[in-house]
Structures are given as C-alpha cells and as structure tokens.
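What follows is the residue order along each chain.
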Amino acid sequence: MTDLLSAPLLDTSPIAERLTAALPTDVDYASARLFDERSEHLTVRQNNLEPIFNAFDTGVMISIWNGGGLGYAATADLSATGLDRAVERARYWASVTAGHLVANRDEETGAIAPPPHHPIGSYESPVDVSWDSMPLEDRLELLHQQSRLLGIDDRIVDWSARLTRRSVDTLLVTSSSDGQRGEVEQRFQFVYPGMRATANEGINTQTRTFGANAFCGQGGAEVLGRFGFGDGASRVANEALELLTAPNCPSGVMDVLLAPDQMILQIHESIGHPLELDRILGDERNYAGTSFVTPDMFGSFRYGSDLLNVTFDPTVPGQLASYGFDDDGSPATKQFLIKDGILQRGLGGAVSQQRSGLEGVSNSRAASWNRPPIDRMANLNVEPGDATVDELIASVEDGVYMHTNNSWSIDDSRNKFQFNCEYGQKIENGEIVGTVRNPGYRGISRNFWTNLSGVADSNSFTVMGTPNCGKGELNQMIGTGHASPTCKFSNIEVFGGES
C-alpha cells in the first residue's frame, strides 16, 4: 500500500517570500497566515477495515488593519494573482468596517489599535518516534489486533479501533507601514487513537471507550505508547461486559472522585468556556451562549476552594494544544487563570484584551485557513496537589469514583450542568467495594469548584485533550488540551442513569 502522508508538507520558504511580497506596505498592519494540513483516518470496525480516508487542505488568510477598520479574506489560490485578490478584498472590508468595530478606540484618532508585535520565531511538535517509522501495513495490523481483542464475547455487539494522524504546517507573515516585518513558522504533528466496545444483554446496553477521545496529543508513534493503546482493548472490552451486571449508580448527596479523563470535561465546560473573554463580552450569545462570569470578577472572585489552581500553558511538551505563538502572533507563556481558588485572568487574545481592558493570554486561534482567529482554549490544566489517589479514596465514607465522560449538558451561561460517565466505582468507608453503571452528577459551576476537597499529586496527573471543541460563527472545530490529576469533590448530587 502507498502511504500518502509520507511526503513532506509544503515547502514554506518560497511561499514566505510570496506572502511577504503580497502584503501591502501602506496599511497600519497586515498579516498572511498559511495553513497546510494532511490527515489520515484509519478505522477497523468489527474486524473489517473501513475505507481509508485521507484529507489535504491548504490556504491563506489575509488580515488587514487600517484606518480603524479590520478586514479578512481567505484564498486557496497561492499564486501571486490569488494573493493579490485576497489582499484587495481584505483591504475593502477594512475600509467598510472602519469606525464601526466594537473594540476600544484611541481617544484622539478613533482608530482601532492593530496587534502590537511583529513576531519572529518557530515551533515544532516534539517527536520521539517518527510516525513514518510504522508503515501503513503495521498501523492497519495494530488496529486489526485491537479489534480482535475488543470483540471477545457474543454480548459485545459493536466495536471498533481507529487511528487518526494530522500534520499541520502554519506560517504567519506580518508587515506594517513603518517597515516592520514578522515571520513565525510552526509545524504540528497530532495523533488521535481511539477504541470502543458496546455490550448488550436484554434491555441493558453499556459502552466503554478508550478515554472517550481524550487520549490524544502531539508527537509521533510514541503517543500510542503514552496512553497504552496497544494494551487497552482487553480492558475496554472487559469493563463493558462488567457494566452489564453492575448495579445502577446510587442517588443522593455524597463525595465524588473524578478520574483525569472525566476531569478534562469538567475543566473544559465549567472553567474553560466561562472564562473566554469574547463569550463574556457577548460575541457567542447568538450561537453558544454567554457566561456567568462578568468582567468585575477578575482578581477577586472565589471560583473554587484554596486547592484549585488552573493554568493556561501552551508550553507543555506533547499536549494537544501546545504551540509557540497563537495565530495572531502573540508568544505563548504559562499563566495562572485561577490561583488558590481566586479568579485571576480570562482566556482572551490581544483583541479581546484590548476590548475588555482585562489581562488575557495568547489564545487567539483559528481552526483553518478560512477562519479568523478567535478566543479559544489551548492547554487548560488543573495543577497537581499533595494527596495520593489512595489517600483520596480512603477519605471517602460514601461516594463514587467516576471515569470517562459519556454525556454532558450545561446551560448557556456555562453555570448549571449535568454530566454522566461510562464507569463508576462505589466507595464505602474508604474502600472501593464494586462497580456501578450509569453514574452521573450535577451541580452549579460557581458552587461546584468550592466543594473541591482533594487534589491528587503528579502520579495521577494525565495530559490529554479534547479534539473537537466547536465555537464561533462560522463554526470552528479545534483541539484543546487538558491535564489533571484525580480530584475529590464533597457534597455533590449524584444519580444513576436508570430510575
């Protein structure tokens, strides 16, 4: 078989010269952002190889700030003529929007300030084992092997194993009328392994997955070993069967332990989205809602207990949303969003910071070449604490240890929520006494985190991600990174999925 992804990505050297030549020098600020992607999608379902899917996508987004206006234009035509057309279109929209943008204006000129920097630098995903060192035939054999291990019992009625690999090159070139220039090249390698087993007996159907798509990251073939993909199928299948005979999760107010692969959903929905500055400013109101967080809360609001420390950190090696610069060119640095439970800063790039007057982070990101950058989560992590997982379990008299998100519901201000998990373990008097099925819990974001009563140490700290976060109009689906240890929450409303 021919490996269509073995060829190198686009040579950006001549394109950088072409982009620089295309950018106008008589505007306040201009940028050209190249996005070049190749992806491979492999799935074996019920021991049968599904059609191999490969995708290729390349284009450029032109952005122009001029005279108090901002214009965008995207093109897949990378010729000089195509780029010139996009520049003129972006220039036109900058003239149309001049004086009508909502960002803070200069008191004297009335103009919108363009990005303050012309970045120069590069970033490359760390790769220990090149993906190309594992030929396509070997990747397919690995999936067939996992599929056979998943379908071990007649009660498993559906199962699959899959691998997705994406290679993305981006190039950001900037210029302005004062003669300044910038150039940032970033090369990303992403790997997304997955597997699923669905078991059925009578009216009872249970599904267990390999982290519900959370076990993904940057790197090469070593990402599979990082999450134990080669050894995961037997565990996934056996736990799906185990859930068939497990009792329904009990209901009541009790302690809850959340495993790292459930914590990432909790972080994503009830910390990440509420702290996006553009959402707080109302930009998402028509599509995905607003936020219970208001601008006056930053610096004083108690978001959680003293144990809650949340960082924005695009510098973690191998995490899904690590990068050197965001898509507006802001350098990536680690920042505390919540420190000792107190809300410090929001998730907003340079434009949202200018609009709100609040401190933000380097998280202006775009899903592709035909979308403008907006405020997005990147790596959003709960920092480890001091307890061991065994100590957290021992501290619970009555509770449930929940693993792997199954479904979620949260209101449009990202406050009231209800989450369900795939797999639960009942804890009584400090010991795990058995498995329960259909575990769920509900709460209110601004209260839930104040009930954080235990944070495990770095031994359970797991670096994961969410590959398919959607936001924006037009919609942008993008990957976000999340990492967390096991955490304990007290006095939580728990329920089972069956009445």
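What you are looking at is a predicted structure, and each value in this text was computed from that prediction instead of being measured.

Basis of the calculations
- Sequence order as written defines the numbering, with residues in each chain counted from 1.
- For a predicted model such as this one, the threshold for reporting local features is a pLDDT of at least 70, and the threshold for listing and counting side-chain atom pairs is 80 or more; totals across whole chains, interfaces and linings nevertheless cover every residue.
- Heavy atoms throughout the structure, all of them, feed into the side-chain values; hydrogens and water do not.
- Only DSSP runs of H or I with at least four residues qualify as helices, and only runs of E with at least two residues qualify as strands; both kinds are numbered from the N terminus onward.
- For a compact globule the rule gives 2.2 Å times the number of residues to the power 0.38, and the radius of gyration it is set against comes from C-alpha atoms.
- Per-residue accessibility, obtained with a 1.4 Å probe over protein chains only, is compared with the maximum for each type, and a residue is labelled buried under 20%, exposed over 50%, and partly exposed between these values.
- Residues are treated as being in contact if the distance between any of their heavy atoms lies within 4.5 Å.
- Only the protein chains shown count as cover for residues, and all accessible areas are computed by the Shrake-Rupley method using a 1.4 Å probe.
- Counted as positive: Lys and Arg. Counted as negative: Asp and Glu. His and the chain ends are not counted at all.
- Charge positions are represented by NZ for Lys, CZ for Arg, CG for Asp and CD for Glu.
- A pair of strands counts as paired when DSSP detects no fewer than two bridges linking them.
- The rule is simple: put a 1 Å grid over the protein atoms alone, call a set of points where a 1.4 Å probe fits but cannot get out a cavity, call an open set with protein on both sides within 12 Å along at least five of seven lines a pocket, and count a residue as lining if it has an atom within 4 Å of a point.
- Grid points are joined across faces, edges and corners, and a volume is the space filled by probe spheres set on the points.
- Three classes are used, and their members are as follows: Ala, Val, Leu, Ile, Met, Phe, Trp, Tyr, Cys and Pro are nonpolar, Asp, Glu, Lys and Arg are charged, and the others, Gly among them, are polar.
- Lines fitted to C-alpha atoms define the axes here, with helix axes fitted over just the stretch in contact, and angles between the N-to-C directions of these axes take values from 0 to 180 degrees.
- An angle counts as roughly parallel when it lies under 35 degrees, as roughly antiparallel when it exceeds 145, as roughly perpendicular when it falls between 65 and 115, and as oblique in every other case.
- The hand of a helix crossing depends on one turn: near helix anticlockwise from the far one by less than a right angle means left-handed, and clockwise means right-handed.
- Counting of polar contacts relies on pairs of N or O atoms within 3.5 Å, with two restrictions inside protein: one atom must be capable of donating a hydrogen and the other of accepting it, and residues adjacent in sequence are counted only when both atoms are side-chain atoms.
- Salt bridge, as applied in this entry: a Lys or Arg side-chain nitrogen positioned within 4 Å of an Asp or Glu carboxyl oxygen.

How should the overall build of the protein chain be read in this particular structure?
If you tally the helices and strands in the protein chain, you get 10 helices and 24 strands. For 499 residues, the compact-globule formula gives about 23 Å, and the C-alpha radius of gyration of the protein chain, at 24 Å, lands near that figure. Here the C-alpha coordinates of the protein chain stretch approximately 70 × 60 × 35 Å along the principal axes. Here the protein chain holds 499 residues, and the buried ones make up 57% of them. Pairs at least 24 residues apart make up 76% of the contacts formed inside the protein chain by residues separated by at least 6 positions. Of the roughly 19800 Å² of accessible surface on the protein chain, a fraction of 47% belongs to carbon and sulfur atoms. For the protein chain, the separation between the mean place of its 38 positive charges and that of its 65 negative charges on side chains is 4 Å.

Looking at this structure, I do not really get the sheet that holds strand β16 (residues 379–382). What am I missing?
In any sheet, the strands associate via hydrogen bonds between backbone groups, in a parallel or an antiparallel arrangement. The 6 strands are arranged β13-β12-β11-β16-β23-β22 in an open sheet whose pairing can be described as mixed. Because the sheet does not close on itself, it has two edges, and the strands there are β13 (342–343) and β22 (462–471).

Could you clarify how one ought to interpret empty space enclosed by the protein in this entry?
Taking a probe equal in size to a water molecule and rolling it over the atoms shows the remaining empty space. Tallied over the full model, the rule gives 1 cavity of 30 Å³ or more. As a volume, the largest cavity reaches approximately 50 Å³. Around the largest cavity, the lining residues are Arg33, Thr170, Leu171, Leu172, Val184, Gln186, Phe325, Asp326 and Asp327. When contributions to the lining of the largest cavity are tallied by element, the ones reaching two or more residues are β6 (156–175) and β7 (181–201). Ranked by residue count, the leading element in the lining of the largest cavity is β6, at 3 residues. Looking at the lining of the largest cavity residue by residue, the classes come out as 4 nonpolar, 2 polar and 3 charged.

Teacher, can you tell me more about the packing of helix α3 (residues 136–150) against helix α5 (residues 232–245) here?
Packed helices, taken two at a time, are described by the angle their axes make and the gap between the axes. Running from amino to carboxyl end, α3 crosses α5 at an angle of 25°, the nearest separation of the two axes being 8 Å. Classified by the interaxial angle, the pair formed by α3 and α5 is roughly parallel. The hand of the α3/α5 crossing is right-handed. In this structure, α3 uses Gln146, Leu149 and Leu150 to contact α5, whose residues at the interface are Gly232, Ala233, Ser234, Val236 and Ala237. Grouping the amino acids of the contact of α3 with α5 by side-chain chemistry returns 5 nonpolar, 3 polar and no charged.

Where do I start with the side chain of Ser322 in this structure?
Its location among the elements puts Ser322 in the loop between β11 (310–312) and β12 (335–339). What makes Ser322 buried here is its relative accessible area of 1%. Polar side-chain contacts of Ser322 include one of 2.9 Å to the side chain of Asn379.

Would you explain the pattern of salt bridges in this entry?
Think of it this way: side chains of opposite charge can pair up when their charged atoms draw near. Scanning all chains against the criterion turns up 25 salt bridges. Of the charged contacts, one joins Arg91 and Glu88 as a salt bridge, the two residues approaching to 3.8 Å between their closest N and O atoms. Placement of both Arg91 and Glu88 in helix α2 (residues 80–97) is noted, with a separation of 3 residues, approximately one turn of the helix. Assessed through its relative accessible area of 25%, Arg91 is described here as partly exposed. Between Lys488 and Asp255 there is a salt bridge, with its nearest N and O atoms 3.9 Å apart. With a gap of 233 residues between them, Lys488 in strand β24 (residues 487–496) and Asp255 in strand β10 (residues 252–258) connect regions that are remote in the sequence. With respect to class, Lys488 is no different from Asp255; both count as buried. A cluster of three or more residues bridged by salt bridges with shared partners is formed by Arg208, Arg235, Glu239 and Glu422.

All quantities given are derived from atomic positions and should not be read as evidence of function.
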